[in-house]
Amino acid sequence: MIENDFIPASYKFEKEEGRVQWKAPSNIALVKYWGKKQNQIPANASVSFTLDNCRTITSVVYTKLDKENKEFSFDLIFEGKNRKDFKPKIETFFERIERYIPFLKNYHFSINTSNTFPHSSGIASSASGMAALSLCLMDIERQMVSEMDPDFFFKKASFLARLGSGSACRSIKGNLVQWGEHNDIMGSTNLYGIPYPYPVNEVFKSYQDTILLVHKGQKSVSSTVGHNLMHGHPFSEKRFEQAHDNLKRLRSIFAEGNLDEFIEVVESEALTLHAMMMTSIPYFILMKPNTLNIIEKIWEFRRASKKHLCFTLDAGANVHLLYPNNEKKEVKKFIKEELVAYCENGQYICDQIGFGAKKM
Ligand code: DP6
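Procedures and definitions
- Residues numbered from 1 in each chain as written.
- Predicted model: local features only at pLDDT ≥ 70, side-chain atom pairs only at ≥ 80, totals over all residues.
- Heavy atoms only, no water.
- Axes fitted to C-alpha atoms, helices over the stretch in contact; angles between N-to-C directions.
- Helix = DSSP H or I, 4+ residues; strand = E, 2+ residues; numbered from the N terminus.
- Parallel < 35°, antiparallel > 145°, perpendicular 65-115°, else oblique.
- Left-handed = near helix turned anticlockwise from the far one by under 90°.
- Contact = heavy atoms within 4.5 Å.
- Nonpolar A, V, L, I, M, F, W, Y, C, P; charged D, E, K, R; others polar.
- Polar contact = N/O pair within 3.5 Å; in protein donor to acceptor, adjacent residues only side chain to side chain.
- Buried < 20%, exposed > 50% of the residue type's maximum accessible area, 1.4 Å probe, protein only.
- Pairing = 2+ DSSP bridges.
- Phe/Tyr/Trp six-rings, centres within 6.5 Å; stacked < 30°, edge-to-face > 60°.

### Describing the packing of helix 2 (residues 126–144) against helix 3 (residues 150–164)
Stage number 1. Running from N to C, helix 2 and helix 3 point in directions that differ by 135 degrees, and their axes come no closer than 8 Å. Taken together, helix 2 and helix 3 sit at an angle that is classed as oblique. The interaxial crossing formed by helix 2 with helix 3 has right-handed handedness. Contacts between helix 2 and helix 3 involve M130, A131, S134, L135, M138, D139, E141 and R142 on the former and, on the latter, F153, F154, K156, A157, L160, A161 and G164.
Stage number 2. Taken together, the residues of the contact of helix 2 with helix 3 break down into 9 nonpolar, 2 polar and 4 charged.

### Let's talk about the side chain of N115
Stage number 1. Secondary-structure assignment places N115 in strand 7 (residues 107–115).
Stage number 2. Only 2.8 Å separates the side chain of N115 from the side chain of T56, close enough to count as a polar contact.
Stage number 3. Beyond its immediate sequence surroundings of up to four residues, N115 is in contact with R55, T56, F78, E79 and S125.

### Points about the pairing of strand 11 (residues 310–313)
On a regular strand, one side chain projects to one face of the sheet and the next to the other, so that they alternate.
Stage number 1. Neither face of strand 11 is exposed, since C310 and T312 on one face and F311 and L313 on the opposite face are all buried.
Stage number 2. Taken together, strand 11 and the strand that follows it, strand 12 (residues 319–323), pair antiparallel across an intervening segment of 5 residues.

### Some words on the packing of aromatic side chains
Stage number 1. According to the stated counting rule, one finds 29 aromatic pairs in the structure shown.
Stage number 2. For the pair F6 and F159, a centre-to-centre distance of 4.3 Å together with 25 degrees between the ring planes defines the contact as stacked. Of this pair, F6 sits in the segment before strand 1 (17–31) while F159 sits in helix 3, placing them 153 residues apart in sequence. As far as the burial class goes, F6 and F159 line up, both buried.
Stage number 3. Relative to Y207, the ring of F49 has its centre 5.6 Å away and its plane inclined at 40 degrees; by these criteria the two rings are tilted. Of this pair, F49 sits in strand 4 (residues 46–64) while Y207 sits in the loop between strand 9 (193–195) and strand 10 (208–212), placing them 158 residues apart in sequence.

Rendered as C-alpha cells:
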C-alpha cells in the first residue's frame, strides 16, 4: 500500500454526532526505533512486544459544526482535568493526518483520555495515547462509509498513529509487531506496523514484563530531539545496519524460542540505544545510577540462577525486566528481595505480552 491509499474517496453518510471509545496498549521495543526521516519514516525497522496492563483509554464525542471551521475544534480532558498544555501535540497530529481524515474540521471533538498506569511514572504514554485516539477517529470514519474491511481499518489506524508518534503504530495489534521496511520480512512497510508474520514459539506468547520505576520525573531530552540527533551522528549508518541484522537474527530466535540468543539481542539493543544518546552531539545520558545498579544485579542473578531474566530500556531511566512465564516465581522473589530497593518509592508495574487494542 502507498500513502494515497489511505485518502478516502468520499463519505456516504454524514453523522451529526456520536461517541466512540477505545483502549490501546503500550508496547516495548526489542529492536529499537531511534532515528527517523521526514514524515515519520523510521531510519530502521523495529519490533516490539505489545503490553497488556499498561493502556490508554480514550473516548471521543463528536458534534457536527454548522460550517467547516478554519481551525481544529477540540477540547482535551486527561485524567479528569482539562489540559490545554496537551493541545499543541494533538494539533500537530491533526495537521499531519488531515489529508487522510478530511472530516477533521467539520466537527468539534471532546477527547477524554486516561492511562491505567500511574501518571508521571516516566512511562511514555504517547504510544498508547496516539494509538487509542487514532482508533477512535477510524471508528468515526467507519460510520461514514458503507463498508470497511477490518484489515484496512487496523492498517489505517496504525498508519495514523505513526504520524502521531512513531512507536504508536506498534500499539494497535498484538502480540509481536514489526514496523519498517525490511528485505527479509514479508509485508513489512514504513507506513504501519504489522503482526509479526513468521512463527513465534509458545514461550514468547506469555512473556512477562515488569517495569521498574527508577525515575518518575520528566526526561531531560525528549525522544523527538533524540531522533533528530541521529542525523549526522558518527555511528548512525552502522547502527541502522545493526538493527537490520538483529531483526534478521530474531527470526529463528522467535521460531525456536532460543532464550540465550534472545537475551543477547535484546540487551545489546537497549545498551546501543543509550550508547547512541551518549555519542551524539550534544551528548546526553538518560540512565540513572540505579539503572546501572539494576543491570549489574540482573547479570549477577542470571549467572547464579541460570534463569532467563533480561532487561531492556526505553528512552528513559526505567528498566523493563523481560522473562518467561514459567520462571515468574523465582524472578518475582528476586525483584522483591533485591531490585525494589532501586525503584523510586519502591514502585514497579507488572505487565505481560498482550493482544492489542479493543473497542469499549
Ligand atoms: C526509544 O515513538 O516516542 O522508545 O516518533 O518522535 O514520537 P516519535 O518517537 P517515539 O520513539 C520511541 C523510541 C524508543 C524506541 C522504540 O519504541 O522503538
